[in-house]
Amino acid sequence: IGTSIAQLLEAVAAQVPDGVMLRVGMTNPPYMLEHLDVICDVLSRPNVYAYLHIPVQSGSNRVLDAMRREYTVQEFTYIVKTLRKRVPGINIATDVICGFPGETEAEFEETLALCEALRFPFLNISQFY
């Protein structure tokens, strides 16, 4: 459509009528990195809910790589910390997949440590099937 997610979010947020709130649903970490400044600005607007669902899936870089995810734990953590710093009162939801084939106990512990460190108010947990 000849635009980026950042341009689209800015345009939609600018057109939301008075008394109506916009809620951005979910986005994946690799797409956030490129447009993080604009996303922070949009989520800080008074007509946009300070909420975003960003799935982490695992706290282990090896497991993320095995899942073919295009981001690292460090990049995900940077996104979360940046959003919390720049968007007052933001609520961030995430997803974790447990039992991915080949995941070790130590890698699962890395996921638990990440969740404990970032203290998500919304955490969806799924078993790998």
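Residues numbered from 1 in each chain as written. Predicted model: local features only at pLDDT ≥ 70, side-chain atom pairs only at ≥ 80, totals over all residues. Heavy atoms only, no water.

Please clarify how the pairing of strand E3 (residues 122–127) should be interpreted in this entry.
The side chains of a regular strand alternate, residue by residue, between the two faces of the sheet. Bridge count between strand E2 (residues 91–98) and E3: six bridges; the pairing is parallel. Residue pairing for E3: Ala-93 is matched across the bridge by Phe-122. For the segment spanning E2, helix H5 (residues 105–118) and E3, crossover handedness is right-handed. (Pairing = 2+ DSSP bridges. Helix = DSSP H or I, 4+ residues; strand = E, 2+ residues; numbered from the N terminus. Right-handed = clockwise from strand over helix to strand, strands pointing away.)

In this structure, what is going on with the packing of aromatic side chains? I would like to understand it.
Any pair of aromatic rings gets described here by the distance separating the centres and the angle formed by the planes. A full pass over the atoms with the stated rule returns three aromatic pairs. Seen from their ring centres, Phe-76 and Phe-120 are 6.0 Å apart, and the 55 degrees between their planes marks the pair as tilted. One end of the pair, Phe-76, is in helix H4 (residues 73–86); the other, Phe-120, is in the loop between H5 and E3, with 44 residues separating them in the sequence. Side by side, Phe-76 and Phe-120 carry an identical accessibility label, which is buried. (Phe/Tyr/Trp six-rings, centres within 6.5 Å; stacked < 30°, edge-to-face > 60°. Buried < 20%, exposed > 50% of the residue type's maximum accessible area, 1.4 Å probe, protein only.)

What is the right way to look at the packing of helix H1 (residues 5–15) against helix H2 (residues 29–43) in this model?
The description of two packed helices rests on the angle between their axes and on the distance between the axes. Viewed as axis vectors pointing N to C, H1 and H2 meet at an angle of 15 degrees, and their least axial separation amounts to 9 Å. Viewed along their axes, H1 and H2 adopt a mutual orientation that is roughly parallel. Seen along the crossing, H1 lies across H2 with a hand that is left-handed. The residues of H2 that touch H1, namely those facing Ile-5, Ala-6, Leu-9, Glu-10 and Ala-13, are His-35, Val-38, Ile-39 and Val-42. Grouping the amino acids of the contact of H1 with H2 by side-chain chemistry returns seven nonpolar, one polar and one charged. (Axes fitted to C-alpha atoms, helices over the stretch in contact; angles between N-to-C directions. Parallel < 35°, antiparallel > 145°, perpendicular 65-115°, else oblique. Left-handed = near helix turned anticlockwise from the far one by under 90°. Contact = heavy atoms within 4.5 Å. Nonpolar A, V, L, I, M, F, W, Y, C, P; charged D, E, K, R; others polar.)

Quick question: what am I supposed to make of the pattern of salt bridges here?
Between side chains of opposite charge, pairing is possible as soon as their charged atoms come close. A full pass over the atoms with the stated rule returns three salt bridges. Residue Asp-37 is joined to Arg-86 by a salt bridge in which the shortest nitrogen-to-oxygen separation is 2.7 Å. One end of the pair, Asp-37, is in helix H2; the other, Arg-86, is in helix H4, and 49 residues separate them in sequence. The class for Arg-86 is partly exposed, based on a relative accessible area of 33%. Measuring nitrogen to oxygen at the nearest pair gives 3.0 Å for the salt bridge that ties Asp-41 to Arg-86. Taken together, the positions of Asp-41 in helix H2 and Arg-86 in helix H4 put the pair 45 residues apart, joining distant regions of the chain. (Salt bridge = Lys/Arg side-chain N within 4 Å of Asp/Glu carboxyl O.)

Where do I start with the sheet that holds E2 in this structure?
What links the strands of a sheet is backbone hydrogen bonding, and the strands pair in either a parallel or an antiparallel sense. Read across the sheet, three strands follow the order E1-E2-E3 without closing on themselves; strand pairing throughout is parallel. Strands at the two margins of the open sheet, each flanked by one partner only, are strand E1 (51–53) and E3. Strand-to-strand, the axes of this sheet are offset by a mean angle of 15 degrees, without reference to chain direction.

Can you help me understand the nonpolar core in this one?
Here is a general trend for soluble globular proteins: nonpolar side chains tend to be buried in one another's company. In terms of nonpolar packing, the biggest core is built from 31 residues, with Met-32, Leu-43, Leu-52, Ile-54, Phe-76 and Leu-83 touching the most fellow members. Of all the secondary-structure elements, those providing two or more residues to this core are H1, H2, H4, E2 and H5. If one sorts the elements of this core by residue count, H2 sits on top with six residues. Here Ile-54 is in contact with Thr-27, Pro-29, Met-32, Phe-76, Ile-79, Leu-83, Ile-92, Ala-93, Thr-94 and Asp-95, once residues within four sequence places are set aside. (Core = buried A, V, L, I, M, F, W, Y, C linked by side-chain atoms within 4.5 Å.)

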